[in-house]
Each structure stands twice: as structure tokens, then as C-alpha cells.
Amino acid sequence: MSVMQKCWLTTCSVLAACGSVSSASDGGMGDGAVAEDQPPTISSVAPADAEVGVTADAKIQITFSKAMDQAATQTAFQSADLAGAVVMTWNGAGTVLTIAPNAPLSYATGADPTTVTAKAYSFLVTTAAVDTTGHHLASMFTASFHTRRRIQLQSLAMVGNM
């Protein structure tokens, strides 16, 4: 009996030795892809959730585990902090959504670094986001980040004899 025949006839542990068993995270596909019948998830975001020191020209980039219905997913993106218009673009595979604010992100300003709190930006993607096969996002996703602070140092003027 060949090794291949043994793999077909034996238990999962032998299949694993033959390289045919995949992790649960890829829906049993064995190549890191998500099975068509699995709901999409968000694989990563940039800036990262809870990131501090984000620059004013930053764009938000959301990576999905599967190709997404672009119109539905753009509608599912929400942020009260990104007031005004944004430009949304997709990579060719339909898995990466980039959100570019039309205006620079704000920095918190002040003279005392101990009292100036960095400006927070939050966003969410609701389960109204749908992949190209009609499956809704597995769960609502929320993230936030903080921009840099602009500390305005006051100069000291010296008066008198030196």
C-alpha cells in the first residue's frame, strides 16, 4: 500500500503527518485561506488598535480575511471622530480597505505636557460588512488610536543685568 493510500485510510494524526490537515483558522483549506462558507474577519488594522503617536497624515487600513463587497463594507465603516469627507479605496483583491481623511488628523496642543492628552480617534466596522459570497462579518470590530501631541514651549525672558 502506498503512502498516499495509507493517508486516505488512516486517522487524522496520519493525515497531519502527510500534510493534509489544516488549522481551524483557515476553515480547513490548509493554505491560510478562509473557506467560502466561513464568515469574514478583520485580520489587521493600521494604525494598530491603541497605537499612540499617530501622525496627522495617517490613513486607516483595514485588512479582511476574504474579498469583501465594497459598497456594503464601506457603509459598515463608522467613525464620529473622522468628521468630514474621507476617500475610501480598495486593493485589487478586495481584501484591503484604505480610508484617507480629506483633512489632516488633529493633534492635541498645549504648554504643559503633563496635562495635554493626545487626541483619540475611534472607528468601527459593523456586521453589515459582507464578503463577496454574502457572508456577514463574524463580529463587530472596534479600534482606536491617538495622534501625537503638540507641546508649545514658552520661552523665558531674562530681565536685568547679566
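Summary of the structure given here. Predicted model, so just to flag it, every value in this text is computed and none were measured.

**Describing the side chain of Thr 147**
You can see Thr 147 is positioned in strand 9 (residues 141-147). With relative accessibility at 1%, the residue Thr 147 sits in the buried group. There is a polar contact of 2.6 Å between the side chain of Thr 147 and the backbone oxygen of Ser 106. If we skip the residues at most four places from it in the chain, Thr 147 touches Gly 53, Val 54, Leu 105, Ser 106, Tyr 107, Ala 118, Lys 119 and Tyr 121.

**With respect to the packing of aromatic side chains**
Evaluated as defined, the whole model comprises 3 aromatic pairs. Ring geometry for Tyr 121 and Phe 145: centres 5.6 Å apart, planes at 15 degrees, overall stacked. One end of the pair, Tyr 121, is in strand 8 (residues 120-125); the other, Phe 145, is in strand 9, and 24 residues separate them in sequence. A residue is classified by how much of its surface remains accessible, and Tyr 121, at 4% relative accessible area, is buried. Over the ring of Tyr 121 we find Lys 119; its NZ or CZ atom is 4.7 Å from the centre of that ring.

**Re the sheet that holds strand 9**
Reading across the sheet, the 4 strands line up as 2-9-8-4 and stay open at both edges, with mixed pairing between neighbours. Only two strands of the sheet have a single neighbouring strand rather than two, namely strand 2 (51-54) and strand 4 (77-78). With 3 bridges joining them, strand 2 and strand 9 adopt parallel strand pairing. When the sheet's bridge partners are listed, Val 54 is paired in strand 9 with Thr 147.

Reading the values: the criteria
Residues numbered from 1 in each chain as written. Predicted model: local features only at pLDDT ≥ 70, side-chain atom pairs only at ≥ 80, totals over all residues. Heavy atoms only, no water. Helix = DSSP H or I, 4+ residues; strand = E, 2+ residues; numbered from the N terminus. Buried < 20%, exposed > 50% of the residue type's maximum accessible area, 1.4 Å probe, protein only. Polar contact = N/O pair within 3.5 Å; in protein donor to acceptor, adjacent residues only side chain to side chain. Contact = heavy atoms within 4.5 Å. Phe/Tyr/Trp six-rings, centres within 6.5 Å; stacked < 30°, edge-to-face > 60°. Lys NZ or Arg CZ within 6 Å of the ring centre and 35° of its normal. Pairing = 2+ DSSP bridges.

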